[in-house]
Amino acid sequence: MKQHHFFNNNRFLLGSFASNCSGGMTVSTLEDRWNASWEKNLELGKMLDEAGIDFMLPIARFTGYGGQTDFQGTILETMTWAAALLALTKDITVFATIQTVPNHPVVVAKQIATLSEISQGRIGLNIVAGWNKPEYEALGLYLPDDHETRYGYAQDWYDLIKKVWTSEEKFDFESKFFKTKGTYGKPKPLVHPPIFNAAGSKNGREFAVNNADFLFTPASDLGRSKTEIEELKQTGLKVNRKVNVMTFSHVICRPTQEGAQAEWDRQLNNADVVAVDNLMSLMFAHAQSFPKEVQQSIRDAMSVGHGGFPLVGTPEHVAQGIIDLHKAGFRGTTLSFLDYSREFPYFRDYVLPILEKYNIR
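What counts as what
- Throughout this description, residue numbers start from 1 for each chain and increase along the sequence as written.
- Reporting in this predicted model follows two pLDDT cut-offs: at least 70 for local features of residues, and 80 or more for side-chain atom pairs to be given and counted; totals over whole chains, interfaces and linings ignore these cut-offs and use all residues.
- Hydrogens are left out, water is left out, and the side-chain values use all remaining heavy atoms of the structure.
- Only the stretch in contact is used when fitting a helix axis, every axis being a line fitted to C-alpha atoms; angles between N-to-C directions are given from 0 to 180 degrees.
- Under the scheme used here, helices are H or I runs from DSSP no shorter than 4 residues and strands are E runs no shorter than 2 residues, and both carry numbers assigned from the N terminus.
- Roughly parallel here means an angle under 35 degrees, roughly antiparallel means over 145, roughly perpendicular means 65 to 115, and every remaining angle is called oblique.
- A clockwise turn of the near helix away from the far one marks a right-handed crossing, whereas an anticlockwise turn of less than a right angle marks a left-handed crossing.
- We call two residues in contact when some of their heavy atoms are within 4.5 Å.
- Expected helix span is computed as 1.5 Å times (number of residues minus one).
- Burial status follows relative accessibility: with a 1.4 Å probe on protein chains alone, a residue under 20% of its type maximum counts as buried, one over 50% as exposed, and anything between as partly exposed.
- Arc, as used here, means the arc of the directions from the helix axis to the C-beta atoms.
- A score from 0 to 100, pLDDT tells how confident the predictor is in each residue.
- Polar contacts, as used here, are pairs of N or O atoms within 3.5 Å; protein pairs need one atom able to donate a hydrogen and one able to accept it. Residues neighboring in sequence count only if both atoms are side-chain atoms.
- Put simply, a nonpolar core is a bunch of buried Ala, Val, Leu, Ile, Met, Phe, Trp, Tyr and Cys residues held in one set by side-chain atoms that sit within 4.5 Å of each other.
- Paired strands are those between which DSSP finds at least two bridges.

**Q** For this particular structure, what's the right way to read the packing of helix α3 (residues 105–119) against helix α5 (residues 147–166)?
**A** Each pair of packed helices can be summarised by the angle the axes make with each other and by the distance between the axes. Two elements in contact, α3 and α5, have axes separated by 8 Å at closest approach and are oriented at 45 degrees. Between α3 and α5, the angle is such that the two are oblique. Judged by the sense of rotation from one axis to the other, the crossing of α3 with α5 is right-handed. Counting all contacts with α3, which are made through P105, V106, V108, A109, I112 and A113, the residues of α5 involved are W157, L160, I161, V164 and W165.

**Q** Looking at this structure, how should I read α3?
**A** Helical periodicity: at 3.6 residues per turn, an α-helix aligns residues three or four positions apart in one direction. Spanning 15 residues, α3 covers 21 Å between terminal C-alpha atoms, matching the ideal 21 Å at 1.5 Å per step. If you check which residues of α3 are buried, you get P105, V108, A109, I112, A113, L115, S116 and S119. Within α3, the buried residues cover an arc of 165 degrees as seen down the axis, which keeps them to one side. Looking at the packing, one finds that the buried side of α3 touches α2 (78–87), β4 (93–99), β5 (123–128), α5 and β8 (191–192). A positive backbone phi angle near 60 degrees is found at Q120, which sits one or two residues after α3.

**Q** When you look at helix α9 (residues 273–283) in this model, what are you seeing that I'm missing?
**A** For α9, the set of buried residues is A275, V276, L279 and M280. Along the axis of α9, the buried positions cluster into a sector of 135 degrees, meaning they face one direction only.

**Q** Honestly, the confidence of the model for the protein in this entry has me stumped. Any pointers?
**A** Caution applies to low-pLDDT regions: their predicted coordinates should not be interpreted in detail. Confidence in the prediction of the protein, expressed as mean pLDDT, is 94, and 97% of residues score 70 or more. Counted against residues more than four places away or in other chains, residues 286–290, with its pLDDT under 50, gives five contacts.

**Q** Which parts of the structure should I look at to understand the environment of Q155?
**A** Tracing the backbone shows Q155 in helix α5. Its relative accessible area of 22% is what places Q155 among the partly exposed residues. For Q155 and H326, which are 171 residues apart along the polypeptide, the C-alpha to C-alpha distance reads 30 Å. Of note is the side chain of Q155, whose polar atom sits 2.7 Å from the side chain of N211.

**Q** Would you explain the nonpolar core in this entry?
**A** Among soluble globular proteins, nonpolar side chains are generally buried collectively. The biggest cluster of nonpolar side chains holds 88 residues, and the ones touching the most others in it are W157, F196, I322, F347 and L355. Considering every element that reaches this core, the biggest residue donor is α5, with nine residues. In contact with W157, not counting residues within four places along its chain, are I98, T100, N103, H104, P105, V108, I127 and F178. Judged by nonpolar contacts, the second largest core, of ten residues, contains Y65, F71, M280 and I298.

**Q** Would you explain unusual backbone geometry in this entry?
**A** Keep in mind that most residues, glycine aside, have a negative phi and that most peptide bonds are trans. Note the cis peptide between K186 and P187, where omega equals 5 degrees. Looking at the element boundaries, P187 is found in the loop between β7 (179–183) and β8. Here A18, not a glycine, exhibits a phi torsion of approximately 75 degrees, which is positive. Tracing the backbone through its elements, the reader meets A18 in the loop between β2 (13–17) and α1 (38–51). A residue is classified by how much of its surface remains accessible, and A18, at 0% relative accessible area, is buried. Its identity is not glycine, yet N240 carries a phi of approximately 60 degrees, on the positive side. Assignment of secondary structure puts N240 in the loop between α7 (222–238) and β11 (244–253).

**Q** What's the story with the pairing of strand β6 (residues 171–174) in this structure? I'm lost.
**A** The side chains of a regular strand alternate between both faces of the sheet. With burial as the criterion, only one face of β6 is covered, namely that bearing F171 and F173; the residues D172 and E174 on the opposite face remain uncovered. Sheet analysis places β6 next to β7, joined by three bridges and oriented antiparallel. Considered in β7, the bridge of F171 is made with T183.

**Q** How should I be thinking about the side chain of Q99 in this particular structure?
**A** Looking at the secondary structure, you find Q99 in strand β4. Within the structure, the side chain of Q99 is placed 3.5 Å from the backbone oxygen of A60, a separation counted as a polar contact. Here Q99 is in contact with A60, F62, V128, E135 and Y136, once residues within four sequence places are set aside.

Following this line, the structure appears as structure tokens:
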């Protein structure tokens, strides 16, 4: 199977993140926050496509975080979202973010292969092994508490998908979690879809290194990130796999540094505090053990950009932040904005040319 073009060049990859969810990545009560309508997603998708942005990455969710705005409570389902965007764009790769437990792997394999044919190979798969227990409760599904079981299931799940994509004959598949008979899949994907995965636990990292083409990890401290990336690459070499590491960023780009900082303060001061509390309790169950100043720092970061690497400042400052991510060893980053389609054009016109000048795009 041919390789996706992501693997055929070394340019720093850029993509949007979470535009399919209300609020995007900003837990805000502001009236000009992202509303995640299909019309706005299509507007954004065409804009990104024309600008040469590499991908769009959605979040798979079934419940929001409550609060005044029910942050991320309005959600466009990712496989159908990707299908529509792929049909109406020309070059950009669009990912479907798929949770393993609610989605049967043979069905997912067929959906991805179909979208590969529709889009001439521009579909990607972001695998989520599950962590948000309320979502699974809303679906009436059981989510194991231990990472070993969750990632064991994810491994069987993805092994079956790969078998469907590569086997030319009917096959029987039997593992701990799946047993199928006479399984096959036609058509095959035109190119092997790039696989994304984000994981922080030991089991999660092992799964990502063994299966994902691009592993996501936060970039809070670039010195520490550089060491972490080198360690992940070395771990990959031990199992004969090349590990590409990605991160996620939040962009506030303005003509002046003062203007960008003022916008950061505006977003922070208008946070949906109840939604932030709910988000913190789910993602940072042990944050209360941190010193108070660290707790506040985490809370601020989660309020503005969901903890993404802050790209806040003038175009030159924002571009330098992306260059620094590249120097640290990241292969790319996602981008989020308070209002994606309103703010991206300024990023496109003033930041992308700087990145091109430095030959990382």
